[in-house]
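For reference, the chains in residue letters:
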Amino acid sequence: MNATMQNTAIGAGLVIIYTALISSADAITKLIAGGYAAPQLFCLSGLIVVGLSALADRHPSQRRGLRTTCPRAMALRSGATVLAAVSFFYAFKLLPFAEVFLFIGLMPLLSGLMSGMVLGEHVRPSAWVALVAGFVGVTFLFPAGVHSISWGHGFAFAAAVFGTFSMVMARFIGRYETNALAQVFYPNLAIFVCMGAVLPFVWKPMPISDLAWVATYAGLLFGARWVVVVALRLLAAYAVTPLMNLQFVWMVFLGAVFFGELPAAGTYVGVSFVIGSGLFLVWDFTHTSDVATRTVKPSIIKELNS
């Protein structure tokens, strides 16, 4: 197995792990969202993730420090992460899982657009076909569709845009540094600071059980964001995001078990489209002769680190 194929296999495996972790975190978000404001969840969880990042940096295998060689790009990623987190919180609060995930299904398409503009990565026509097929699959997951436009749909679309931009920026930063932990630390530090400024106005006392849920959420988020940063270093952003659609499978399971949301027959058709398009994109990436051929065009933000 050559280096490109090995990196692709590792990256794909990490994305699968990410989908399990982030889907579990999303389920906790939906559970907590009904009783608390977004700043309360994110301030506490952001603080925990920042602490876990600092603790992980003390491990002998890490110890790279938390400095970044891309401060401006990291600031953009951190800002996008804050906006995506808040948007997802209110999307989950106002919409059922199915309708939120319809917008998450737009992320591979948005990634393809942003990768071209921001990273200068070339997306081959065959890959665009797979991206569209993946989006079609997502629509099969939710045969009822979106009946009307609401604030919830606006938040869901904003979450998809900001979330995709955050991931694309993670890949950009990954070109210049290999310290994945820094990419976990700074976005969560930004979440903690921003949400902490609002927390005094929305704070509600929390029982121990809810604090335990917040701590669990933070742990899952810490693991998810760490592994996805590594995956984005190994795979092109447009190949990673369709694989992330595997979280639909996890969420169908979690929705059925914990929230009584039973999938319709069309769900299984949609899953086959989503998984098939994701696997095709990994194959397409593997059979490109060299990763560098995807990044020959100049990036519109290449001067960020100069």
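Our subject is the structure that appears above.
Note that the coordinates shown come from a computational prediction; the quantities given were computed from them, not determined experimentally.

Engineer: Tell me about the overall build of the protein, and name the residues and values.
Structural biologist: Secondary structure assignment for the protein yields 12 helices and zero strands. Reading the helices (α) and strands (β) of the protein from amino to carboxyl end gives α-α-α-α-α-α-α-α-α-α-α-α. In the protein, buried positions account for 53% of the 306 residues. When contacts within the protein are restricted to residue pairs at least 6 apart in sequence, those whose partners lie at least 24 apart make up 90%.

Engineer: Now, about the environment of Gly255: what can you tell me, with residues and values included?
Structural biologist: Here Gly255 shows up in helix H11 (residues 247-258). In this structure, the C-alpha to C-alpha distance between Gly255 and Phe97, residues 158 residues apart in sequence, is 7.5 Å. Ignoring any residue separated from it by four or fewer positions in sequence, one finds Gly255 in contact with Phe97, Gly260 and Glu261.

Engineer: Lay out a nonpolar patch on the surface in plain terms, naming residues and giving numbers.
Structural biologist: On the surface, a cluster of nonpolar side chains totalling about 350 Å² of accessible area is made up of Val132, Val136, Phe140, Val269 and Phe273. Here the nonpolar patch takes three residues from helix H6 (residues 125-141), the largest share from any one element. Within the element layout of this structure, Val136 appears in helix H6.

Engineer: Explain H11 to me, using residue names and the numbers behind them.
Structural biologist: With 12 residues, H11 ought to run about 16 Å at 1.5 Å a step, and its terminal C-alpha atoms sit 16 Å apart, in line with that. Listed in full, the buried residues belonging to H11 are Gln247, Phe248, Met251, Leu254 and Gly255. Relative to the axis of H11, the buried residues are bounded by an arc of 120 degrees and lie together on one face. Remark: Gly260 follows H11 within two positions and exhibits a positive phi of approximately 65 degrees.

Engineer: I'd love a proper account of the packing of aromatic side chains, names of residues and values included.
Structural biologist: Tallied over the full model, the rule gives nine aromatic pairs. Ring geometry for Phe42 against Tyr217: centres 6.4 Å apart, planes inclined by 55 degrees, an arrangement best described as tilted. A residue pair is termed long-range when its members are at least 10 positions apart, and Phe42 in helix H2 (residues 38-56) and Tyr217 in helix H9 (residues 208-234) qualify at 175 residues. Arranged with centres 5.3 Å apart and planes meeting at 55 degrees, the rings of Phe172 and Tyr176 form a pair that is tilted. A residue is classified by how much of its surface remains accessible, and Phe172, at 0% relative accessible area, is buried. What makes Tyr176 partly exposed here is its relative accessible area of 43%. Between the NZ or CZ atom of Lys204 and the centre of the ring of Tyr36, over which it lies, the distance is 5.5 Å.

Engineer: Talk me through helix H8 (residues 180-202); I want residue IDs and the actual numbers.
Structural biologist: Each α-helix winds once per 3.6 residues, and so residues spaced three or four apart point in a common direction. End to end, H8 covers 33 Å across 23 residues, agreeing with the expected 33 Å (1.5 Å per residue, within 8%). At Gly196, H8 shows its largest kink, close to 40 degrees, and the proline Pro200 lies no more than four residues downstream. For H8, the complete set of buried residues consists of Ala180, Leu181, Ala182, Gln183, Val184, Phe185, Pro187, Asn188, Ala190, Ile191, Met195 and Leu199. Those residues of H8 that are buried are in contact with H2, helix H3 (71-94), helix H7 (151-174) and H9.

Engineer: Let's hear about the side chain of Arg225: which residues, and what values?
Structural biologist: Residue position: Arg225 is located in helix H9. The side chain of Arg225 sits in the buried core without any salt bridge; Asp26 is the nearest counter-charge, 8.4 Å away. Beyond its immediate stretch of four places on either side in the chain, Arg225 contacts Thr81, Val184, Asn188 and Ile191.

Engineer: Report on the environment of Tyr36, specifying residues and quantitative values.
Structural biologist: Relative to the elements of secondary structure, Tyr36 occurs in the loop between helix H1 (3-33) and H2. Of note is the side chain of Tyr36, whose polar atom sits 2.5 Å from the side chain of Asp210.

Engineer: Before we move on, can you summarise the environment of Phe135 with the specific residues and values?
Structural biologist: Within the element layout of this structure, Phe135 appears in helix H6. The spacing of Phe135 and Ile104 is 31 residues in sequence and 9.4 Å in space, taken between C-alpha atoms. Contacts of Phe135, omitting those with residues within four sequence positions, involve Leu102, Gly105, Leu106 and Leu109.

Engineer: Account for the side chain of Ser53, naming residues and giving values.
Structural biologist: Examined against the element boundaries, Ser53 turns out to sit in helix H2. Those residues in contact with Ser53, other than ones at most four positions away along the chain, are Leu181, Val184, Phe185 and Phe222.

Engineer: Explain the packing of H2 against H9 to me, using residue names and the numbers behind them.
Structural biologist: One can describe the packing of H2 onto H9 by two numbers: an axis separation of 9 Å at closest approach and a directional angle of 50 degrees. When the axis of H2 is compared with that of H9, the two are oblique. Crossing handedness for the pair H2 and H9: right-handed. Together, Leu41, Phe42, Leu44, Ser45, Ile48, Val49, Leu52, Ser53 and Ala56 of H2 and Leu211, Val214, Ala215, Tyr217, Ala218, Gly219, Phe222 and Trp226 of H9 make up the contact between the two elements. When its residues are assigned to classes, the contact of H2 with H9 shows 14 nonpolar, three polar and no charged.

Engineer: With reference to specific residues and values, describe the packing of H1 against H11.
Structural biologist: For any two helices packed against each other, the geometry is given by the interaxial angle and the distance between the axes. The interhelical angle for the contact between H1 and H11, taken along N-to-C directions, is 40 degrees, at an axis separation of 8 Å. By the criterion of interaxial angle, the relationship of H1 to H11 is oblique. Crossing of H1 over H11 shows right-handed handedness. Contacts between H1 and H11 involve Ile16, Thr19, Ala20, Ile22, Ser23, Ser24, Asp26 and Ala27 from the former and Gln247, Trp250, Met251 and Leu254 from the latter.

About the thresholds
Residues numbered from 1 in each chain as written. Predicted model: local features only at pLDDT ≥ 70, side-chain atom pairs only at ≥ 80, totals over all residues. Heavy atoms only, no water. Helix = DSSP H or I, 4+ residues; strand = E, 2+ residues; numbered from the N terminus. Buried < 20%, exposed > 50% of the residue type's maximum accessible area, 1.4 Å probe, protein only. Contact = heavy atoms within 4.5 Å. Patch = residues over 30% accessible without salt bridge, like charges linked within 9 Å, V, L, I, M, F, W, Y side chains within 5 Å. Areas by Shrake-Rupley, 256 points an atom, 1.4 Å probe, with all protein chains shown as cover. Salt bridge = Lys/Arg side-chain N within 4 Å of Asp/Glu carboxyl O. Expected span 1.5 Å × (residues − 1). Arc of directions from axis to C-beta. Phe/Tyr/Trp six-rings, centres within 6.5 Å; stacked < 30°, edge-to-face > 60°. Lys NZ or Arg CZ within 6 Å of the ring centre and 35° of its normal. Bend = angle between axes of the 7 residues up to and from the residue. Lys, Arg positive; Asp, Glu negative; His and termini not counted. Polar contact = N/O pair within 3.5 Å; in protein donor to acceptor, adjacent residues only side chain to side chain. Axes fitted to C-alpha atoms, helices over the stretch in contact; angles between N-to-C directions. Parallel < 35°, antiparallel > 145°, perpendicular 65-115°, else oblique. Left-handed = near helix turned anticlockwise from the far one by under 90°. Nonpolar A, V, L, I, M, F, W, Y, C, P; charged D, E, K, R; others polar.

By themselves, these figures tell us nothing about what the structure is for.
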